[in-house]
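This is what each chain is made of:
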There are 2 protein chains.
Amino acid sequence: MKVAVLLFNNFETLDVFGPVEILGRLPETFEIEYYSLAGGSIRSTQGVSISTLRLAEITLPVDVFLIPGGKGTRQEINNPELVGWIRKIAQSSRYVLTVCTGSALLAKIKELDGKTTTSNKRAFDWVVSVREAVHWRRKARWTVDGTYYTSSGISAGMDITLAFVGDTLGKETAERVATEMEYLWNRDPERDPF
Amino acid sequence: MKVAVLLFNNFETLDVFGPVEILGRLPETFEIEYYSLAGGSIRSTQGVSISTLRLAEITLPVDVFLIPGGKGTRQEINNPELVGWIRKIAQSSRYVLTVCTGSALLAKIKELDGKTTTSNKRAFDWVVSVREAVHWRRKARWTVDGTYYTSSGISAGMDITLAFVGDTLGKETAERVATEMEYLWNRDPERDPF
């Protein structure tokens, strides 16, 4: 499966590299590429710089579209060119995974209208204000509605990615990866202490 | 505090970016730099490429020396030039943090002889074979012995980094960061199900 990770400046480090640690452990299944509007080096809020391809170079459809969150979403949500790309990619990809405030970017294009969805808890009111037609669930570690996987803040991205691996490759594979990572996986989407 | 992260090809992605997510949330305290033997682009086993400075450019001492693990440690342990740099940096830095098999690299320079230490559980026998004079604890999420912080595999790097933040900046700061990350922090170094 071809995985396209959307990057923008001030993305949240772990929103990306938590899921990448998991999908990157299954290279026989997942091929990961990083894209940004202008291409080149993109920097996380925590100062990690990653090299990206230009969105204009992407070959659609992709199988998995991963949208991280972070401070940068507040700016990018008002960037019509980026939002246009999100629409184009999300509408053609098999699965969309969002972490943290990445769900706000997906909500912006109306793709989540009426769908059960969650997001970062500390930014929740802002996220809801982006698009009230979405069925936002405040209390959920993650949600799955059809092919849309949305998770709570930052570290929840690892829990939802393992759940996604379980759904697509089987629970045994997800359990094996979690054990290899010595990760105390929160397997219960309803268990959300935040 | 100046944080030097040691990188080498085939480092484990989350070993680095879990701790970086945490320390990077405290930019008023921690300044993070990435170093490798040759400098330039270094690639994790999961395909993440990071730009690094040459170790020869490092200004010593640093405050925190972070040594990740990963498949690359098997090769680097036999690289005398890299091991020499690890000795020089570890012996002059205030704190050394290792994640996963990073503790094998630190054990190699005899810095851990007689010290209570842990490592990745699936690679444990190999790690012990590197240096038997270390007091290796098989059952521990992480250990602290003086200024040496060593953690179990991969995701345990986040638990130990939060513990380190608690020790140096206070428990409230560590709790705040864990909550911001919506991270189900394993606060108990004795709780190790792996």
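Residues numbered from 1 in each chain as written. Chains lettered and ligands numbered in written order. Predicted model: local features only at pLDDT ≥ 70, side-chain atom pairs only at ≥ 80, totals over all residues. Heavy atoms only, no water.

(A) Examining the packing of aromatic side chains more closely. In this structure the tally under the stated criterion is 13 aromatic pairs over all chains. Here the aromatic rings of Tyr95 of chain A and Tyr149 of chain A are separated by 6.4 Å at their centres, their planes lie at 70°, and the arrangement is edge-to-face. You can see Tyr95 of chain A sitting in strand E6 (residues 95–98) and its partner Tyr149 of chain A sitting in strand E10 (residues 148–151), a full 54 residues away along the chain. Here Tyr95 of chain A matches Tyr149 of chain A in class, with each residue buried. With a centroid separation of 6.3 Å and 80° between ring planes, the pair formed by Phe124 of chain A and Trp136 of chain A is classed as edge-to-face. Of this pair, Phe124 of chain A sits in helix H5 (residues 124–130) while Trp136 of chain A is found in strand E8 (residues 135–136), placing the two residues 12 residues apart along the sequence. Neither Phe124 of chain A nor Trp136 of chain A differs from the other in exposure class; each is buried. Through a chain of ring-to-ring contacts, the aromatic side chains of Phe11 and Phe17 of chain A together with Phe11 and Phe17 of chain B assemble into a single cluster. In this structure, Arg74 of chain A packs its charged tip against the face of Trp126 of chain A, placed 4.3 Å from the ring centre. (Phe/Tyr/Trp six-rings, centres within 6.5 Å; stacked < 30°, edge-to-face > 60°. Helix = DSSP H or I, 4+ residues; strand = E, 2+ residues; numbered from the N terminus. Buried < 20%, exposed > 50% of the residue type's maximum accessible area, 1.4 Å probe, protein only. Lys NZ or Arg CZ within 6 Å of the ring centre and 35° of its normal.)

(B) Region of interest: the pairing of strand E1 (residues 2–6) of chain A. Residues and elements named next belong to chain A. For E1, the tally of buried residues reaches 5 of 5 residues, placing the bulk of the element in the interior. Residues Lys2, Ala4 and Leu6 of E1 are buried on one face, and the alternating residues Val3 and Val5, pointing to the opposite face, are buried as well. Once the chain exits E1 it traverses helix H1 (residues 13–23) before rejoining the sheet at strand E2 (residues 31–36), and the crossover so formed is right-handed. Bridge analysis of E1 against strand E5 (residues 64–67) gives 3 bridges, and the strand direction is parallel. (Right-handed = clockwise from strand over helix to strand, strands pointing away. Pairing = 2+ DSSP bridges.)

(C) Focus on the pattern of salt bridges. Enumeration over the complete set of coordinates arrives at 22 salt bridges over all chains. Between Arg25 of chain A and Glu21 of chain A there is a salt bridge; the shortest N-O distance is 3.0 Å. As far as the burial class goes, Arg25 of chain A and Glu21 of chain A line up, both buried. Overlapping salt bridges bring together Glu12 of chain A together with Glu21, Arg25, Arg176 and Glu180 of chain B as one network. (Salt bridge = Lys/Arg side-chain N within 4 Å of Asp/Glu carboxyl O.)

In short, shape yes, function no, at least from these values alone.
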